[in-house]
Amino acid sequence: MAEETTKIICITCPMGCTLEVTHEGKTISKVEGHTCKKGPEYAEAELTDPRRMVTSTVKVKGGVHPLLPVFTAAPIPKPLIFDLVKLLRQVELEAPVKVGQVVVHNVLDTGVDILASRDLLPS
Amino acid sequence: MKAKYDVVVIGSGPAGLAAAVEAKKTGAEDVLLIERATELGGILQQCIHNGFGVEILKKDLPGPAYAQRFIDEAAQAGVELLLDAMVLDVTPAKHVYAISQWSGFAEIDARALVLAMGARERTRAQIRVPGARPAGVYTAGMAQRFVNIEGYMPGNRFVILGSGDIGMIMARRLTLEGAKVERVLEIMPFLTGLTRNYVQCLLDYDIPLQLSHTVNRIIGRSRVEAIEAVRVDEKWQPLAGTEEIIPCDTLLLSVGLIPENELSKKAGVLLDPVTNGPFVDEGMQTNVPGIFAAGNVVHIYDLVDWVTEAGFVAGRSAAKYAIAERQWMARQVKLRAGENVRYVVPHVLEKESLAQADQKLQMRVIKPIEGNVWVQVMDGENLIVRKGQRYARPGEMVTVEIPQKAYAAVQKVDQLSVRVVAR
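Definitions and cut-offs
Each chain carries its own residue numbering, running from 1 in the direction its sequence is written. Working convention: letters from A go to chains and numbers from 1 go to ligands, in the order in which they are written. A pLDDT threshold of at least 70 governs which residues receive local features in this predicted model, and a stricter bar of 80 or more applies before side-chain atom pairs are shown or counted, although totals over entire chains, interfaces and linings include all residues. Runs of E in the DSSP output that reach at least two residues are strands. Runs of H or I that reach at least four are helices, and both are numbered from the N terminus. Both definitions apply: the radius of gyration is a C-alpha atom measure, and the globule rule equals 2.2 Å times residues to the power 0.38. Any residue whose C-beta has 12 or fewer other C-beta atoms within 10 Å is treated as exposed, any with 20 or more as buried, and any in between as partly exposed, C-beta atoms being built from the backbone. Domain start and stop positions are those given by an automatic or database domain assignment. Contact between residues is assigned whenever the C-beta positions, reconstructed from backbone atoms, fall within 7 Å. Paired strands, in this sense, are two strands between which DSSP finds at least two bridges. Between N-to-C directions, angles span 0 to 180 degrees; the directions come from axes that are lines fitted to C-alpha atoms, helices contributing only their stretch in contact. Left-handed is the label given to a crossing in which the near helix is rotated counterclockwise from the far helix by less than a right angle, and right-handed is the label when the rotation is clockwise. Any residue that is not Ala, Val, Leu, Ile, Met, Phe, Trp, Tyr, Cys, Pro, Asp, Glu, Lys or Arg is counted as polar, Gly included; the first ten are nonpolar and the last four charged.

Participant: Hey, could you run me through the overall build of chain B in this one?
Facilitator: Check the secondary structure of chain B and you find ten helices and 25 strands. Whereas a compact globule of 423 residues would reach a radius of gyration of roughly 22 Å, chain B reaches 30 Å, over 25% beyond that. The dimensions of chain B, computed from C-alpha atoms along their principal axes, are 100 × 45 × 40 Å. Taking all 423 residues of chain B together, 46% fall into the buried category.

Right, here's the structure in full:
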């Protein structure tokens, strides 16, 4: 496999640096264009195991709102995003809920928990 | 609820929460936070995506979790709340009129006031999109509230006008909820939101973005059936021959925010015609002394972290202003008209002035007394000084001097009254 250069926009922070990644398949030989150490880490992950934070909502019974916002405690593999939101559609909690409460443990065997993004008081 | 507060904050989004918390931490005795909605947090509650707090908390939090931190801090700091309340008017003297089912019609005095009303979305009317007026045209923030808080999907096939952050984030959100986002159109030749949102909201989900394009017209009678997209030149003029019909049932507008300053204007706050927000100094004070402003009400931010910082600055300044005003008031003695006195000039006396000289008071009596009278300066029922006269008439000004030897007695009081009575 020949060496090639791929442009990747780093999404770790609002800066959005454009990284020029020289690589042969999934083996990186050089990263340029980053302004902090998170850039090369992101480039490595993006080539080998791209992951994303996912935020969505789940149903709640008896709360001040019918929905509770939730988030992945850590980024999960990109190919699992649609399976995750499908699974979250089946989840239903009861109020009250505390921020940081585990909504789904080890979701899709990723080792990542789904957490509540806020307190939700009973109506 | 009290009648007077050191600091009153209007709006409990990120700016208002930060201002209220920081005002309390800076030493304001009492802080009242007034919010129109039934809960604190403002628009953060519907911004369920992450990316908040990276700069100032060094954490990547969803909007509601970011808000929750400051909501909890406000509770710990002892910030008083008035929720579900509409502020109707604010005067330059920092008198606030509000109404709610909890308080009824409320009049609240603020030593210092922080304006944190945020912004409103530009609507179809403000960008003048031609065509029919069917259902199915929403601002992106409105759709965000439907989907993330209330649990309604506003449509199935979307076109989004504007590449601002809310528009791109909604494109992803709607896709995750099973809708099809056909296109994002941007009239400018460049992306107007953050690049990271282009990557993680549009590229990740293969949602096409067209720069230098806008909506030429909306098609549909009772419901949106399609929109006509068109390429524009550098002056935003549609280029004939580039029209394209895109079938869809919903059009979302993400075309900018306008600072919400209706109350600011009522308070006499001057607005910068460029930002549409108040002119402010480094402490976020407006042209009206004691009225401060922070967040999107001043100018439109792209990161909430910097809104919070602005809120901290405004809250700190407001608390310092209120404390200074209280200290200044503590150095003053109010001079009240007592029995048979219509008024006293001066109205207030600096306590320290007695260290320099005797202080002369001037007044007029209400009714004549033909006979010996006392002109008495009283601290409640305690006599501070008195002067005898042979008569008192409304047509002849009466004077009395508070002597320097009354210095110690005057330090202890915050008001004195003067009366003119028969001997």
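Participant: Mind showing me how you'd approach the environment of isoleucine 369 of chain B here?
Facilitator: In this fold, isoleucine 369 of chain B is placed in the loop between β21 (359–365) and β22 (373–379). It is 9.3 Å that separates the C-alpha atoms of isoleucine 369 of chain B and proline 394 of chain B, two residues lying 25 residues apart in sequence.

Participant: Hey, could you run me through the domain arrangement of chain A in this one?
Facilitator: Interface size, as often reported, equals the accessible area lost upon joining of the parts. Domain boundaries assigned for chain A yield domain 1 (4–48) and domain 2 (55–116). Of note, the centres of domain 1 of chain A and domain 2 of chain A, computed from C-alpha atoms alone, are 30 Å apart.

Participant: Hey, could you run me through the domain arrangement of chain B in this one?
Facilitator: Looking at the assigned domains, one finds that chain B contains domain 1 (4–120 + 258–329), domain 2 (123–255) and domain 3 (333–422). Relative to domain 3 of chain B, the C-alpha centre of domain 2 of chain B lies at a distance of 73 Å.

Participant: What is the right way to read the interface of chain A and chain B from this model?
Facilitator: If you look at the interface, chain A gives 21 residues, while chain B gives 22 residues. Breaking the side of chain A that touches chain B down by element, the ones donating at least two residues are β5 (55–61) and β6 (67–72) of chain A.

Participant: Could you clarify how one ought to interpret the environment of glutamate 94 of chain A in this entry?
Facilitator: The residue glutamate 94 of chain A is located in strand β8 (residues 92–94) in this model. For the pair formed by glutamate 94 of chain A and glycine 62 of chain A, sequence separation is 32 residues and the distance between their alpha carbons is 6.3 Å.

Participant: Explanation requested: the environment of cysteine 248 of chain B in the structure shown.
Facilitator: Residue and element names in this part refer to chain B. Position of cysteine 248 among the secondary structure elements: in the loop between β14 (244–247) and β15 (250–253). C-beta crowding within 10 Å serves as the criterion here: with 25 such atoms nearby, cysteine 248 is assigned to the buried category. Among residues more than four places away in sequence, those in contact with cysteine 248 are Arg157, Phe158, Val159, Glu182, Val224, Ala226 and Ile227.

Participant: What exactly am I supposed to notice about the sheet that holds strand β3 (residues 27–32) of chain A here?
Facilitator: Residues and elements named next belong to chain A. Taking strand neighbours across the sheet as the criterion, the three strands line up as β1-β2-β3 in an open arrangement whose pairing is antiparallel. Strands with a single pairing partner mark the edges of an open sheet, and in this sheet they are β1 (4–9) and β3. Going across the sheet, the axis of each strand differs from the next one's by a mean of 30°, ignoring polarity. Pairing analysis gives six bridges linking β1 to strand β2 (residues 18–24), with the strands arranged antiparallel. For glutamate 4, the partnering residue across the bridge sits in β2 and is histidine 23. Most of the contacts of helix α1 (residues 38–48) go to β3, to which it runs at about 145°, and overall it touches β1, β2 and β3.

Participant: How do you make sense of the packing of helix α4 (residues 140–150) of chain B against helix α5 (residues 165–176) of chain B when you look at a structure like this?
Facilitator: Packed helices, taken two at a time, are described by their axes: the angle between them and the distance between them. Residue and element names in this part refer to chain B. The contact between α4 and α5 brings their axes to 9 Å, and the two run at 35°. For α4 against α5, the interelement crossing comes out left-handed. Residue-level inspection shows Ala140, Gly141, Ala143, Gln144 and Val147 of α4 in contact with α5, the latter providing Ile166, Gly167, Met170, Arg173 and Leu174. Its residues placed into classes, the contact of α4 with α5 shows six nonpolar, three polar and one charged.

Participant: How should the sheet that holds strand β9 (residues 102–104) of chain A be read in this particular structure?
Facilitator: The strands that make up a sheet are held in pairs by hydrogen bonds between backbone atoms, and each pair lies either parallel or antiparallel. Residue and element names in this part refer to chain A. Strands sit in the order β8-β5-β6-β10-β9 across an open sheet of five strands; the sheet is mixed. The open sheet terminates on both sides in strands that have one partner only, identified here as β8 and β9. Across the sheet, the mean angle from the axis of one strand to that of its neighbour is 45°, orientation sign disregarded. As judged from the two bridges shared by β9 and strand β10 (residues 114–116), these two strands associate in the antiparallel manner. Its bridge partner being in β10, valine 102 is matched across the sheet by leucine 115.

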